[in-house]
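Here's the letter readout for the chains.
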Amino acid sequence: MALLNRSDWYDIARDTEWTPSYISKEELFPSGHSGGDGIPDEMWCTYDEPYKITYSEYVRTQREKDAGAYSVKAALERTDMYNRADPGWISVLKEHYGAVPVVEYAAGLQESRYVRWGQAPGMRNMGTFGMLDEIRHAQAQLYFAHEYVNKDRQFDWAHQAMKTNNWGVLAARHFFDDMLMSRDAISTSIMANFAFETAFTNLQFIGLTADAVNAGDHTFAKLIQSIQSDEARHAQLGTPLVTMLLESGQKAKAQRLIDIALWRSWRLFGVLTGLPMDYYVPLENRERSFKEFMEEWVIDQFARSLDDLGLEKPWYWDILLRDLSEHHHGQQLGTWSWRPTLWWSPAAGVSPDERDWLEEKYPGWNDTFGRCWDVLTENLVNDNEDKTIPGTLPIICNVSNLPIVGTPNTHLHDYSLEFNGRLYHFGSEVDRWIFQQDPDRYSAHKNLIDRFLSGEIEPMDLGGVLAYMGIGVLSDGGGDAHKYQWAENYRQKAAA
Amino acid sequence: MLTNINGQKIIDKKLRLNYRRKNMALFPLSMKFSGDFVLKLLPIDTEDTMAEVAAAAALNAVGMHVAAQPGKTIRIKRQGDDAPFDLKMKVKDSGLLPTETIELYFE
């Protein structure tokens, strides 16, 4: 029997809808789960996903993608990339695998909620494919990381990290729980698909692909390229919803959701992507700086998407532009200094040549962040490793859950707020603004420092904190990726 | 002692974080040392003077992330204030809230 062409049946199939008679529409699509308050019933049938695909086409394409990624992995296993790679590149892999794969499962749950709670048939249809996408991403990345567990136990964090209270995990979980897991389907899709995936997954999955190819890790490059091809498709789920909110007079709501998601994504990706691109990837393999990638994918392209839809740039745009040259440099100093708390060993990335590159890409770096590195380097040159690891903890932001960092002598500030008798601390005025948008959502959460000071972490010393975070339980914590080899240049210079 | 999955001691000499001194009324502050890149937790005692607070803060910043400035005095002020605290003032008399941020700078 001949098959019908897709165009002959697709619209009928995807528009299939029914009118509930046993229960009310409000019971079928309760506001808290479905969202979309204020969108007229007749508008739901106008939801038009930009990317159309049938189930058989989807399965065929995904099978080919999997075959591509897995065959590259199999073919390259004999090349011994792992043992020949720069330790900085291995750190990129460890950080990525600990932070990303299990979050992909959470994203699968996120998409599954569109399948149940989405009020537009097309959204439910696309949500089904999106859910399958995310399950594939989780399984592939866990499998690829598992290959390395016998080489280094820190790769076990790929599977375990999200079950721990490691500070980096608390930051990631707080962000993804806020955006993926705890809002109605419409808000979630606008924040996660439109703002986060459109703007930011390109950074991690395309930007880092270029660095991976340059570093000779074609297996990782192929894997994350394969993942991004799915992201690019299901990221489009949110755009029609933004349009529907605009057409129903809810521009302020759409804008607020996007503004929150964009900033939260930016701050987390400063650590997830910013550190690898500007410090861990070997200098000769760097495609561009993190800031340059941000300028292309977010500052130019995402801003254009906002404009095309009739939305505004977030109110904090000027703060974001300034932050492109600041935030991740502070986080690099922090993560390297508190390296025993990490599940990877960070590269310092501050050899003389690397500092020249940083100064070229971020004029003024030497006179600001470089001054702190001068002191750390001097301690290493003088064999005072102890004085490179702080004896206290950083103050942590009550929204981003990242250490509150800034530019030395220029811009470091505690944006605090007293709310219901508790003093909250924020890493920026934007984080504080996010908290103020919905204090009930955020105020009960305790960050790592809150837990420490309230006695939840025992014993109340660094050993207790590390054990609480899973360090020494799942694997050892981090050290310097290059075992301080980079400091030899400075040692020789000092001796001369 | 903290051990790794193979039972080996892993924290060794870095075990320096200990916030419980005998008879201490723990009073945590957030410290911003001029020239530093991060706010740090500063556990002190309510009976400490500002001079003792400055000395405790210096241990977490000077010679670690901030270069020493020999011969200079470290001043403390509440974040945003113009005037520094008197170095003889006790923490309990300063009006500071737990975890409030103090600024420290050389003069």
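Up top you'll find the structure we're talking about.
No experiment lies behind these values; they were computed from the predicted model shown.

Undergrad: For the overall build of chain B, give the residues involved together with the corresponding values.
TA: Regarding its fold elements, chain B presents one helix and four strands. Ordered by position from the N terminus, the helices and strands of chain B form the series β-β-α-β-β. Looking at the 107 residues of chain B, the share that counts as buried comes to 54%. At a minimum sequence separation of 6, the contacts of chain B that also span at least 24 residues come to 57%. For chain B, the accessible area works out to roughly 5300 Å², and carbon and sulfur atoms hold 49% of it.

Undergrad: Mind laying out the overall build of chain A, listing which residues take part and the relevant values?
TA: What chain A contains, in helices and strands, is 24 helices and two strands. Against the 2.2 N^0.38 benchmark of 23 Å for 496 residues, chain A shows a C-alpha radius of gyration of 23 Å, consistent with a compact globule. Across chain A, the fraction of contacts at a sequence separation of at least 24, relative to all contacts at a separation of at least 6, is 78%. Averaging the locations of the 46 positively and 72 negatively charged side chains of chain A gives two centres separated by 2 Å.

Undergrad: Describe the interface of chain A and chain B, with residues and values.
TA: The interface is formed by 50 residues belonging to chain A together with 41 residues belonging to chain B. For the pair chain A and chain B, the summed buried surface comes to about 3900 Å²; carbon and sulfur atoms form 64% of the total. In this structure, the connection of chain A to chain B is made through zero salt bridges. Taken together, the connections running from chain A to chain B amount to 14 residue pairs in polar contact (both at pLDDT 80 or more). Of all elements in the fold, only α17 (327-337), α19 (369-381), β2 (422-426), α22 (448-453) and α23 (462-468) of chain A reach the threshold of two or more residues within the side of chain A that touches chain B.

Undergrad: Before we move on, can you summarise the pattern of salt bridges with the specific residues and values?
TA: Residues and elements named next belong to chain A. Per the stated rule, a full pass over the model turns up 36 salt bridges over all chains. For K446, the salt bridge goes to E456, with nearest N and O atoms at 2.6 Å. Highlighted residues: K446 in the loop between α21 (439-442) and α22 and E456 in the loop between α22 and α23, separated in sequence by ten residues. It is possible to trace a salt-bridge network through shared partners that takes in K65, D66, D133, R136, D230 and R233.

Undergrad: Describe in detail the packing of aromatic side chains, supporting the description with residues and values.
TA: Residues and elements named next belong to chain A. Going through the model one piece at a time under the given rule, you end up with 36 aromatic pairs over all chains. Ring centres 5.8 Å apart and planes at 80 degrees place the aromatic pair Y97 and F220 in the edge-to-face group. Of this pair, Y97 sits in helix α6 (residues 87-99) while F220 is found in helix α12 (residues 218-234), placing the two residues 123 residues apart along the sequence. Comparing Y97 with F220 shows no difference in burial state: the two are buried. Their ring planes at 5 degrees and their centres at 5.7 Å tell us that W266 and F290 sit as a pair that is stacked. Of this pair, W266 sits in helix α14 (residues 251-280) while F290 sits in helix α15 (residues 290-309), and the two are 24 residues apart along the sequence. Among the aromatic residues, ring-to-ring pairing joins Y82, W89, Y97, Y148, F155 and F220 into one connected group. Positioned above the aromatic ring of F144 is the side chain of K73, whose terminal nitrogen or guanidinium carbon lies 5.5 Å from the ring centre. If you follow R286 out to its NZ or CZ, it ends over the ring of W357, 4.5 Å from the centre.

Undergrad: Can you tell me about the environment of P240(A), naming the residues and giving the values?
TA: Residue and element names in this part refer to chain A. Within the element layout of this structure, P240 appears in helix α13 (residues 239-247). Distance in space between the C-alpha atoms of P240 and F194 is 9.5 Å, their sequence separation being 46 residues. If we ignore the near neighbours within four places in the chain, the residues touching P240 are Y47, D48, E49 and P50.

Undergrad: Go over α13(A) with me, naming the residues and quoting the values.
TA: Residues P240(A), L241(A), V242(A), M244(A) and L245(A) constitute the buried set of α13(A). Among the structural elements, α8 (121-146), α11 (185-214), α14 and α15 of chain A are those in contact with the buried residues of α13(A).

Undergrad: Requested: an account of the pairing of strand β1 (residues 26-33) of chain B, with residues and values cited.
TA: Put simply, side chains in a regular strand alternate between the two faces of the sheet. Residue and element names in this part refer to chain B. In terms of burial, β1 is a largely internal element, seven of the eight residues being buried. Pairing between β1 and strand β2 (residues 40-45): six bridges, direction antiparallel. Of the residues in β2, the one forming a bridge with L29 is L42. Of the pairings in the sheet, the one linking β1 to strand β4 (residues 101-106) comprises four bridges and is parallel in character. Across the sheet, K32 pairs through a bridge with E103, a residue of β4.

Undergrad: Outline the packing of α14(A) against helix α18 (residues 352-361) of chain A, supporting the account with residue identities and numerical values.
TA: Residues and elements named next belong to chain A. For the pair α14 and α18, interaxial distance at closest approach is 11 Å and the crossing angle is 125 degrees. Classed by the angle they form, the pair α14 and α18 counts as oblique. The segment α14 lies against α18, with M277, D278 and Y279 engaging E354, W357 and L358. By residue class, the composition of the contact of α14 with α18 is four nonpolar, no polar and two charged.

Undergrad: Could you give an account of the packing of α11(A) against α14(A), naming the residues involved and the relevant values?
TA: Residues and elements named next belong to chain A. Interaxial distance between α11 and α14 falls to 8 Å at its minimum, and their mutual angle equals 20 degrees. Between α11 and α14, the crossing angle belongs to the class labelled roughly parallel. Here the hand of the crossing between α11 and α14 comes out right-handed. Taken together, the residues of the contact of α11 with α14 break down into 20 nonpolar, five polar and two charged.

Undergrad: Account for α12(A), naming residues and giving values.
TA: Residues lying three or four places apart along an α-helix face the same way, a consequence of the helix completing one turn every 3.6 residues. All names here are of chain A. In this model, α12 (17 residues) spans 25 Å end to end at C-alpha, consistent with the 24 Å of a helix rising 1.5 Å per residue. Within α12, twelve of the 17 residues are buried, which leaves the element mostly enclosed by the surrounding structure. When α12 is considered as a whole, its buried residues turn out to be T219, F220, A221, L223, I224, S226, I227, Q228, D230, E231, R233 and H234. Residues of α12 that are buried sit in contact with α4 (55-76), α6, α7 (101-117), α8 and α11.

Undergrad: Please set out the side chain of H96(A) residue by residue, giving values where relevant.
TA: Summarising the element assignment, H96(A) is placed in helix α6. Apart from residues no more than four positions distant in its own chain, H96(A) is found in contact with P101(A), Q141(A), Q204(A), F205(A), F220(A) and I224(A).

Undergrad: Provide a residue-level description of the environment of L311(A), including the pertinent values.
TA: All names here are of chain A. In this structure, L311 sits in the loop between α15 and α16 (317-323). Separated by 72 residues in sequence, L311 and T239 place their C-alpha atoms 12 Å apart. Not counting chain neighbours up to four residues away, the residues in contact with L311 comprise V242, L246, K251, A254, Q255, I258 and L306.

About the thresholds
- Residues numbered from 1 in each chain as written.
- Chains lettered and ligands numbered in written order.
- Predicted model: local features only at pLDDT ≥ 70, side-chain atom pairs only at ≥ 80, totals over all residues.
- Heavy atoms only, no water.
- Helix = DSSP H or I, 4+ residues; strand = E, 2+ residues; numbered from the N terminus.
- Buried < 20%, exposed > 50% of the residue type's maximum accessible area, 1.4 Å probe, protein only.
- Contact = heavy atoms within 4.5 Å.
- Areas by Shrake-Rupley, 256 points an atom, 1.4 Å probe, with all protein chains shown as cover.
- Rg over C-alpha atoms; globule rule 2.2 N^0.38 Å.
- Lys, Arg positive; Asp, Glu negative; His and termini not counted.
- Charge placed at Lys NZ, Arg CZ, Asp CG, Glu CD.
- Buried area = accessible area lost by both parts, 1.4 Å probe.
- Salt bridge = Lys/Arg side-chain N within 4 Å of Asp/Glu carboxyl O.
- Polar contact = N/O pair within 3.5 Å; in protein donor to acceptor, adjacent residues only side chain to side chain.
- Phe/Tyr/Trp six-rings, centres within 6.5 Å; stacked < 30°, edge-to-face > 60°.
- Lys NZ or Arg CZ within 6 Å of the ring centre and 35° of its normal.
- Pairing = 2+ DSSP bridges.
- Axes fitted to C-alpha atoms, helices over the stretch in contact; angles between N-to-C directions.
- Parallel < 35°, antiparallel > 145°, perpendicular 65-115°, else oblique.
- Nonpolar A, V, L, I, M, F, W, Y, C, P; charged D, E, K, R; others polar.
- Left-handed = near helix turned anticlockwise from the far one by under 90°.
- Expected span 1.5 Å × (residues − 1).

By themselves these figures say nothing about function.
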